[in-house]
Structures are given as structure tokens and as C-alpha cells.
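Per-entry structural report
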Amino acid sequence: MVLVHALGSNSGGQLATGDLDDVHHLAATRPLPESPTGCAKWRVCGGGNHTFMWTDRGPTLLGCGSNTDGELALSKEIASPLLCWTPVPFPGSHIQQIACGWSHTLLLNDQGNVYAAGSNTFGQLGAPSSAPWQRVAPGSCFVSIACGMRHSLALDTNGVVYGWGANRNGQLGIEPKGKQPNIPVTPVSRGLGPIAMMACGRTHSILIASDRMTVYVAGQDKYAQWGPSAWVSGTWRAFQLPRPALKVCSGWDFAAVLLEGEGHSNIAMWGRADQGQLACRVDGAYRRDLDYVDLPDVSDIACGSSHTVALTAGGSVFMWGWNEHGNAGDPTLNNVYTPLCVHESRPQGAVGIGCGYGNSFIVS
């Protein structure tokens, strides 16, 4: 049987616990999903007040929380919030990936097509919002997607990144010009070479090149989101990682990269740090140089707005960072400055993790 537990903010019903109360101790979501077939796994991703869960090799998509702006891709006539997991129809037969902004959602299906739903106030859908799921850039084939608070990215099969939505801080890699209108779907990585992976913060974007060691960052730098950038490529700042990246994720004002290599210190982080975002206490509000998190054999990471969740190969789960809603695992609601073990590998180790902006999920 699959168990999905949740922590944190629940003002929109986004934890699927059947009520609107924040959760400070791990609580089971409902109803319990069926075990996926074969070696498939349940995945979880959330935004401001909505959450999705899906199987990576199956036809099932579940949603919960707010649908005020259509972010759950359900009719606005359906009463919102949805307090339990609810089936959500989607185009295609299987889901490759879901990404969530504050009140919008991107879906990548098994055919390489990207669809968008939710708020389009800043053009973050990349298409008119007249139907629950709107196709983005018809004719293109994509392999990955990412959402910022109000901007979106998609990576195509040629390693080119397309961006759209808000760009006031240059987060799309396009030089902002005053009260610039929202950006339509546009290639934003030309001149950088093929890109392998990407992530979005609140007002910045991160791309990692096909060598998996070159990092490009565009957008706001108030909290050192550019990291230890050593050179400039157009509007993108750039620096090198010490080892190849396996995954990149971003909170609102900080970033985390899972690096190749066994043992400890395989998470590199930079950016805002005043609420424990970098798993340490620092002088000032941010750290520009890379910090390394001392955890053994991390196999996956996920970032909320200002907290991080890490899964080890043995099935333990650690959390740290901003904890106002208990989303980083400490029921005292104090911020967490060192990795806190929230789920032990025994008796049933975790097999997956996920984050919304102010909450955390553990699949076991």
C-alpha cells in the first residue's frame, strides 16, 4: 500500500487531509492512492495553494487544493477548495512531468507536448486560457518544464529553452525594459549551447548546460541568486560546479543542485540563507559561494519557497529552512538551520518526496 504523508501550510486544502488546518506532524493524505504497477512511482508537486500527484508510468493524475484560477485544470464551477485527492483529466495517455507556479500549472505528457492551466495574468500560460488545458507551442517537442512564481520554461529535444510570462527582473534571460509587457513563448537560451536541466525561482531562472557542470542564471540577484558567477553570456551569468549535476531545483531566492558522487556533501546550495535555506547559519541574509549540505547518499531533492526536502538512498527524509507552517518538519514552527530527520528508513522507507511552496510530501 502506498502512503503519502504531508506537512505544512493547508489554507487552500492543498495537503489533501480533508480539512483546511495546517499540519505540524506528518499526516496521511486521503484517499490513499493505489499502488502503481511495475516500478512506477507516485510523484508530488505543488504551487501556492494547489497540489498534484501522478504516476510516472501510469494514466492517473490527482489534484487537491485551490482551483480559484483554474490551476487544477478543472471547471471553475466545481466547488473549491478540494480537500482530498480528486481525479483530474489530462491530454495524452501518460504524464512525464508536472510543474507548478503560484497559481498556474504546466503539464508535460508522454508525447512531448506541454499544456498549461490556471492564472494567465502575466502571460505565464503561454496560450489563451479559454480551456482547462491549453497547448503551448504546438509543433514543438519538449522533455522538461519548470515554473517560477509567474513565469514558465520548457526545454525541447534539441536542448533549447523556451520561456514566457513575467520578466520584470529579467528572469527569462531577456533584458527588461521598463514596464515591459509579458513575454510570449520565446527561445531564451540561444547562444548558450544545449541545455540539460533547469529550474525556476520566484524571479530568477537557472539553466545547466549539457556538460552538467556549467550553470547559467538570469533574473534578480538581491539574495545572491546569481551565485559565484564568474562571467557573463549575454543576459545570463555563469559559473562552474565542482562535479556534474544530477538535478537542480530552486526556491524563491535560493537554489540547490544534487551532484554526482557517493557519500556526504553532494548537495550544493547558494542564495538566500536567513531562514535556514542553506542548512546552516550565516552572517547576513545570503551566501554567494557554494555551500555543501552534509548528508549521506542523497538520491533526490525538492525545494519549496524557502525550504528543502532531501531523500537518501536508504529511504530517510531530511528537511530544513523556513518553517512557519511546520513545512520543514519542526512542530515548534522555528526555522530549521540543520537537516532534520523527519522520516526514518525503517519500518517503511520513503520512495519519493515533493514540495509545494509552503508544504512537504513524503511517499512511502
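See the structure above.
Residues numbered from 1 in each chain as written. Predicted model: local features only at pLDDT ≥ 70, side-chain atom pairs only at ≥ 80, totals over all residues. Heavy atoms only, no water.

This next bit is on the nonpolar core. As a rule of thumb, soluble globular proteins bury nonpolar side chains together. Among the nonpolar cores identified, the biggest contains 45 residues, and Ile 267, Met 269, Ile 301, Val 317, Met 319 and Trp 320 are the most heavily contacted of them. In contact with Ile 267, not counting residues within four places along its chain, are Ala 256, Val 257, Leu 258, Asp 291, Tyr 292, Val 293, Val 298, Ile 301, Ala 310 and Trp 320. (Core = buried A, V, L, I, M, F, W, Y, C linked by side-chain atoms within 4.5 Å. Buried < 20%, exposed > 50% of the residue type's maximum accessible area, 1.4 Å probe, protein only. Contact = heavy atoms within 4.5 Å.)

Now for the pattern of salt bridges. Overall, the coordinates contain eight salt bridges when judged by the stated rule. The closest approach of N and O atoms between Arg 287 and Asp 291, which form a salt bridge, is 2.7 Å. The network of salt bridges with common partners includes Arg 202, Asp 253, Arg 272 and Asp 274. (Salt bridge = Lys/Arg side-chain N within 4 Å of Asp/Glu carboxyl O.)

Right, let's talk about unusual backbone geometry for a bit. Residues other than glycine predominantly adopt negative phi, and peptide bonds predominantly adopt the trans conformation. Between Arg 30 and Pro 31 the backbone carries a cis peptide bond, its omega angle lying at -10 degrees. With a phi close to 50 degrees, Asp 297 is a non-glycine residue in the positive phi region. For Asp 297, the position within the fold is in the loop between strand S23 (286-293) and strand S24 (298-303). Notably, Leu 333 is not glycine yet its phi reads approximately 70 degrees, a positive angle. On the secondary structure map, Leu 333 appears in the loop between strand S26 (317-321) and strand S27 (336-343). (Helix = DSSP H or I, 4+ residues; strand = E, 2+ residues; numbered from the N terminus.)

Moving on: the pairing of strand S8 (residues 104-109). Counting buried positions over the six residues of S8 gives six, a clear majority of the element. Burial along S8 is two-sided: His 104, Leu 106 and Leu 108 and Thr 105, Leu 107 and Asn 109, pointing in opposite directions, are all buried. Two strands pair when backbone bridges link them, and strand S7 (residues 95-100) and S8 are joined in this way by five bridges, in the antiparallel orientation. Bridging from a neighbouring strand, Ala 99 pairs with Leu 106 of S8. Pairing between S8 and strand S9 (residues 114-118): five bridges, direction antiparallel. Bridged to His 104 within S9 is Gly 118. Where S8 folds back onto S9 in an antiparallel hairpin, the turn is made up of four residues, including Gly 112, whose phi is positive at roughly 80 degrees. (Pairing = 2+ DSSP bridges.)

Functional significance is not addressed by these values, which are geometric in nature.
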